[in-house]
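Residue strings, one per chain:
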Amino acid sequence: MLKDSFNRSHDYLRISLSDQCNFRCLYCMPDEQMEFKPAAHLMSADEVVHLAEIFIAQGIRKIRLTGGEPLVRKDAKEIIERLAKYPIELSLTSNGVFIDKFINSLVTAGVHSINISLDTLDPIKFKSITQRDVFDKVWSNVKLLLQHQIHVKVNCVVMKGINENEIAAFVDLTKDLPLHIRFIEFMPFTGNDWNKNKVFTHSEILAEIEKEFFFIKLQDAKHDTAKKYQVQGHKGTFAVITTMSEPFCSDCNRLRLTADGKLKNCLFSAEESDLLNQLRAGKDILPLIQQSVLNKKMSQGGQFSDTFSDTDPLKLINRSMIDIGG
Ligand code: SAM
Ligand code: SF4
């Protein structure tokens, strides 16, 4: 088991399959001219599977494929099918556009839960947030996943002045659809123009919902990053991911592997360990993995102030979200 110096056990690995994306979400990858890494610098399918195997042997029990957009990779199906053979819970975070092309592979691979990003229910606003005019496609793919009995979590990044007026409409969706809406507080990453005034916090989100609904708190599972709620009688649930206002690091069990094979022990860690190049050089990478886990800081990569409003985004050493793998 991979334990850090705070005795936290790590059994959840998020693997980024690509630093590329077919969307240009303003909070994630604002620069249309962003340069992507050459394919030779990224993990091949064999390397993804080999690295996953090493982690699984160390107690990893859950793997989430992410990116960039994981489904833009030509060999994404092959990777999903190969990883599905291991004794892990395999899941995916996607912008949803290619889900219909992958639905058979996802069902065959036994993927039971998928996170789809959707920040607005307004097609025009969708285009202004993502720079792509494909709201209808994403929404029909959400419904396609539900038809296949796949548990769908909808990730909605709430930004003040952009979409906080749609929070109640998202909660309303849970009345008739078994959707699990997760409102995410806007986080700072390299190049995303974050500032504290754009963060719409957990308490502000709940206050918006209280104006229209009576809801109850649900029990959160161990290691959950989301605080879960439900409007009584609704089929689905909603939750808030409170990274900025109430960080949940004390119980963290997550590690991240970037598409270029660097291990990040935290979403906000400045430090990275180059597993891919050491693997290509024929080195034993287990000591590197163990050391990286031991170096993990108690909270938010050790880079944030006690209250998020005192955090200076320009002082954070990190990558853009698309380049980390969210
Ligand atoms: N392309 C896929 C997608 O959009 O779902 C996977 C990668 S994306 C980086 C993973 C998640 O990170 C998405 O749900 C996205 O909304 C979230 N995300 C990206 N930038 C963020 C930010 N600055 N603050 C909070 N969440 C963010
Ligand atoms: Fe692409 Fe996902 Fe980032 Fe949007 S949030 S730009 S879909 S990686």
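Residues numbered from 1 in each chain as written. Chains lettered and ligands numbered in written order. Predicted model: local features only at pLDDT ≥ 70, side-chain atom pairs only at ≥ 80, totals over all residues. Heavy atoms only, no water.

**Q** What is the right way to read the side chain of Thr-120 from this model?
**A** Its location among the elements puts Thr-120 in the loop between strand S6 (113–117) and helix H4 (123–130). The class for Thr-120 is buried, based on a relative accessible area of 1%. A distance of 3.0 Å separates a polar side-chain atom of Thr-120 from the backbone nitrogen of Asp-122. Not counting residues up to four positions away in its chain, the partners in contact with Thr-120 are Lys-125, Phe-126, Ile-129, Phe-135, Glu-166 and Phe-170. (Helix = DSSP H or I, 4+ residues; strand = E, 2+ residues; numbered from the N terminus. Buried < 20%, exposed > 50% of the residue type's maximum accessible area, 1.4 Å probe, protein only. Polar contact = N/O pair within 3.5 Å; in protein donor to acceptor, adjacent residues only side chain to side chain. Contact = heavy atoms within 4.5 Å.)

**Q** What's the story with the layout of surface pockets in this structure? I'm lost.
**A** Empty space left among the atoms is revealed by rolling a probe the size of a water molecule over them. In this structure, the second largest pocket spans a volume of roughly 230 Å³. Lining the second largest pocket, in full, are Leu-17, Ser-18, Gln-20, Lys-37, Ala-39, Leu-42, Met-43, Val-72, Arg-73, Lys-74 and Asp-75. (1 Å grid on protein atoms, 1.4 Å probe; cavity = no way out; pocket = protein on both sides within 12 Å on 5 of 7 lines; lining within 4 Å. Points joined across faces, edges and corners; volume = space filled by probe spheres on them.)

**Q** Teacher, can you tell me more about the packing of aromatic side chains here?
**A** How two aromatic rings sit relative to each other is set out by the distance from centre to centre and by the angle between their planes. Enumeration over the complete set of coordinates arrives at 8 aromatic pairs. Here Phe-23 and Phe-126 contribute two aromatic rings whose centre-to-centre distance is 5.9 Å and whose plane-to-plane angle is 90°, an arrangement assigned as edge-to-face. With a gap of 103 residues between them, Phe-23 in the loop between strand S3 (12–18) and helix H1 (45–57) and Phe-126 in helix H4 connect regions that are remote in the sequence. There is no split in this pair, since Phe-23 and Phe-126 are both buried. Put simply, the rings of Phe-170, Phe-183, Phe-215, Tyr-229 and Phe-238 touch in pairs and so form one group of aromatic residues. Between Lys-77 and the ring centre of Phe-102, over which it is positioned, the NZ or CZ distance is 5.3 Å. (Phe/Tyr/Trp six-rings, centres within 6.5 Å; stacked < 30°, edge-to-face > 60°. Lys NZ or Arg CZ within 6 Å of the ring centre and 35° of its normal.)

**Q** Just checking my understanding: could you explain the pairing of strand S4 (residues 62–67) for this structure?
**A** A regular strand places its side chains so that they alternate between the two faces of the sheet. Counting buried residues in S4 gives 6 out of 6 residues, a clear majority hidden from the surface. Burial along S4 is two-sided: the face carrying Lys-62, Arg-64 and Thr-66 and the face carrying Ile-63, Leu-65 and Gly-67 are both buried. Each parallel crossover has a hand, and the one from S4 via helix H2 (residues 76–83) to strand S5 (residues 89–94) is right-handed. (Right-handed = clockwise from strand over helix to strand, strands pointing away.)

**Q** What exactly am I supposed to notice about the side chain of Asn-22 here?
**A** Tracing the sequence through the fold places Asn-22 in the loop between S3 and H1. Polar contacts involving the side chain of Asn-22 include one to the side chain of Asn-95, which spans 2.9 Å. Contact partners of Asn-22, with chain neighbours within four places excluded, come to Glu-69, Val-72, Asn-95, Val-97, Phe-98 and Arg-132.

**Q** Please explain helix H3 (residues 99–108) as it appears in this structure.
**A** Three or more residues of H3 are buried, namely Ile-99, Phe-102, Ile-103, Ser-105 and Leu-106. The elements touched by buried residues of H3 are H2, S5, S6 and helix H5 (135–147). Just downstream of H3, Gly-110 is the residue with a positive phi angle, here 75°.

**Q** What is the right way to look at the pattern of salt bridges in this model?
**A** Side chains carrying opposite charge are able to pair once their charged atoms draw close together. The final tally for this structure, using the stated rule, is 17 salt bridges. Among the salt bridges present, the one from Asp-193 reaches Lys-198, with a minimum N-O distance of 3.4 Å. You can call Asp-193 exposed: its relative accessible area is 60%. Several salt bridges share partner residues, and in doing so they unite Asp-46, Glu-78 and Arg-82 into one network. (Salt bridge = Lys/Arg side-chain N within 4 Å of Asp/Glu carboxyl O.)

**Q** Got a minute to help me understand the sheet that holds strand S12 (residues 254–257) in this structure?
**A** Each strand in a sheet pairs with its neighbour through backbone hydrogen bonds, running either in the same direction (parallel) or in the opposite one (antiparallel). What the 12 strands build is an open sheet, ordered S9-S10-S11-S8-S7-S6-S5-S4-S3-S12-S13-S14; its pairing is mixed. Either end of the sheet is taken by a strand with one partner, and the two such strands are strand S9 (215–217) and strand S14 (273–274). Here strand S13 (residues 262–264) runs beside S14; their pairing, made up of 2 bridges, is antiparallel. Within the sheet, the bridge partner assigned to Lys-262 lies in S14 and is Asp-274. (Pairing = 2+ DSSP bridges.)

**Q** What exactly am I supposed to notice about the nonpolar core here?
**A** Among the nonpolar cores identified, the biggest contains 103 residues, and Ile-15, Ile-63, Leu-65, Phe-183 and Phe-238 are the most heavily contacted of them. Top element by residues in this core is H1. It accounts for 8 residues. With sequence-adjacent residues up to four places away left out, Ile-63 is seen in contact with Leu-13, Ile-15, Ala-52, Ile-56, Ile-88, Glu-89, Leu-90 and Ser-91. (Core = buried A, V, L, I, M, F, W, Y, C linked by side-chain atoms within 4.5 Å.)

**Q** How do you make sense of the site of ligand 1 when you look at a structure like this?
**A** Near ligand 1, the surroundings consist of 20 residues, among which Tyr-27, Gly-68, Ser-117, Asn-155 and Met-187 are the closest. Contact distances for ligand 1 include 2.9 Å between a nitrogen atom and a backbone N or O atom of Met-187. Computed on the free molecule, ligand 1 has an accessible area of 540 Å², of which 95% lies beneath the protein chains in the complex. Mapped onto the shell around ligand 1, the elements with two or more residues apiece are S4, S5, strand S7 (151–158) and strand S8 (179–185). Grouping the amino acids of the shell around ligand 1 by side-chain chemistry returns 8 nonpolar, 10 polar and 2 charged. (Near = heavy atom within 4 Å. Areas by Shrake-Rupley, 256 points an atom, 1.4 Å probe, with all protein chains shown as cover. Nonpolar A, V, L, I, M, F, W, Y, C, P; charged D, E, K, R; others polar.)

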